[in-house]
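One-letter residues, chain by chain:
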Amino acid sequence: MTDEEWMAMALAEARKGVGKTSPNPPVGAVMVNNGELLGAGWHHGAGLPHAEVEAISDAICKHGEGCLKGATAYVTLEPCSTTGRTPACTGGLIAAGISRVVYACQDPNPLHAGAADGVLEAVGIAVSSGVLEEKCQAILRPFSKVQHTGLPWVIWKCAMSLDGKITRPAGEGQWLSGEESRADVQRLRAEVDAIITSGETVRADKPALTIRVPELLEGRNQPWRVVVTDKQETSQVEAALFSDEWRERTLIRSGADLELILRNLVREQGVLSVMIEAGGKFSSAMIAGGFVDEAVIYQAPLLCGATVPALGGSLPQSLRLEGVTHEKIGDDHKFRGLLVV
């Protein structure tokens, strides 16, 4: 197998940690010797062993001490070279007898970027980087954005009709998208650390904003639920997010400074990624403010006429989605892409 194929296996491991590792990034690793996969692992959460340590432990458990002498480690992110809540992974790789390290992406923290190379090469370990970098970087975007800006990665999620409306005519019921799309939203919620909504949405819809699929909750908490409102009566609404068993993970924040809300979620809750589930006015404000990085749109085969639009405010200019993926889910169409000016 090629370096790219082994790195693809490490990336598959890393994806298991998406939505579970904050404030750390999701990382995967595999250990290979003489073309044989010896061990694999992924980072399960802050304070727990990093992916390299998980993969080393897996290899030793399966093949015994000394099995990694002369082996190659494939890791989706540059191994850490400093001690934090866990020991430096460079030390673990050296102690295991690894002779070559291949990683996809440099550490986005400029204080640490590239530091592993010198540590490993100083003891004779060959280092290569940039293998499957673009694909691995895709799941590291939230961590990278926090490192560079102090702001979380923000996804705007919206279900709309073909004519861009998010509500149906009176008397027709609540849902625009189909059951299959609503199930997909559960998987999308499991990718993020927080869901942000408006007081207006809470008062109108009384949402729960939870992950309701037990297997999607394994190894993680419910997302933080952030209600942006300046109306005190919002907290008295009989909504599940104020009364359910996870009510302590509901935060109410003033809408006076949206950027401050996002920065504080990073600083105080360790959030890397946020999803907007709100009406057109709040969504427009977040997009117009330049806070949204990605859009996930579920388009239902309906025409709803004079109901509530998906974006209820003006934008300074048109925005384009790049890197768009398209998927048919039931009768709906799902579009996902990055927002660019």
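Asks: Help me get a handle on the overall build of the protein, residues and values and all.
Replies: Secondary structure assignment for the protein yields 11 helices and 13 strands. Taking 341 residues into account, the globule formula puts the C-alpha radius of gyration at 20 Å, and the protein, at 22 Å, falls close to it. In terms of overall dimensions, the protein has C-alpha extents of about 70 × 40 × 40 Å along its principal axes. By residue count, 48% of the 341 residues in the protein fall in the buried class. When contacts within the protein are restricted to residue pairs at least 6 apart in sequence, those whose partners lie at least 24 apart make up 74%. For the protein, the computed accessible surface area is about 16,000 Å², with 51% contributed by carbon and sulfur atoms. In the protein, 32 side chains carry a positive charge and 42 a negative one; their mean positions are 5 Å apart.

Asks: Lay out the sheet that holds strand β5 (residues 126–129) with the relevant residues and their values.
Replies: Taken in spatial order, the five strands line up as β2-β1-β3-β4-β5 in an open sheet, and their pairing is mixed. Single-partner strands in this sheet number two, and they are β2 (36–42) and β5. Taking each pair of neighbouring strands and ignoring which way they run, the sheet shows an average axis angle of 15°. Looking at chain direction, strand β4 (residues 100–105) and β5 are connected through four bridges and run parallel. What sits directly across from V102, in β5, is S128. Here helix α2 (residues 51–63) sits on the sheet and contacts β1 (28–33), β2 and β3 (72–77); the angle it forms with β2, its principal contact strand, is near 135°.

Asks: Explain the packing of helix α1 (residues 3–15) against helix α5 (residues 133–149) to me, using residue names and the numbers behind them.
Replies: For the pair α1 and α5, interaxial distance at closest approach is 10 Å and the crossing angle is 10°. Classified by the angle between their axes, α1 and α5 sit roughly parallel to one another. Across the interface between the two elements, M7, L11, A14 and R15 from α1 touch K135, C136 and I139 from α5. For the contact of α1 with α5, a count of residues per class yields five nonpolar, no polar and two charged.

Asks: Outline the environment of R267, listing residues and values.
Replies: Locating R267 in the fold gives a position in helix α10 (residues 258–269). Each C-alpha atom of the pair R267 and G150 lies 8.2 Å from the other, and the pair is 117 residues apart in sequence. Polar side-chain contacts of R267 include one of 2.7 Å to the side chain of N264.

Asks: Go over a nonpolar patch on the surface with me, naming the residues and quoting the values.
Replies: Together, I94, V119 and V123 make up a nonpolar patch on the protein surface, roughly 210 Å² of accessible area in all. Take V119: its relative accessible area is 33%, and that puts it in the partly exposed class.

Rules used in this analysis
- Residues numbered from 1 in each chain as written.
- Predicted model: local features only at pLDDT ≥ 70, side-chain atom pairs only at ≥ 80, totals over all residues.
- Heavy atoms only, no water.
- Helix = DSSP H or I, 4+ residues; strand = E, 2+ residues; numbered from the N terminus.
- Rg over C-alpha atoms; globule rule 2.2 N^0.38 Å.
- Buried < 20%, exposed > 50% of the residue type's maximum accessible area, 1.4 Å probe, protein only.
- Contact = heavy atoms within 4.5 Å.
- Areas by Shrake-Rupley, 256 points an atom, 1.4 Å probe, with all protein chains shown as cover.
- Lys, Arg positive; Asp, Glu negative; His and termini not counted.
- Charge placed at Lys NZ, Arg CZ, Asp CG, Glu CD.
- Pairing = 2+ DSSP bridges.
- Axes fitted to C-alpha atoms, helices over the stretch in contact; angles between N-to-C directions.
- Parallel < 35°, antiparallel > 145°, perpendicular 65-115°, else oblique.
- Nonpolar A, V, L, I, M, F, W, Y, C, P; charged D, E, K, R; others polar.
- Polar contact = N/O pair within 3.5 Å; in protein donor to acceptor, adjacent residues only side chain to side chain.
- Patch = residues over 30% accessible without salt bridge, like charges linked within 9 Å, V, L, I, M, F, W, Y side chains within 5 Å.
- Salt bridge = Lys/Arg side-chain N within 4 Å of Asp/Glu carboxyl O.

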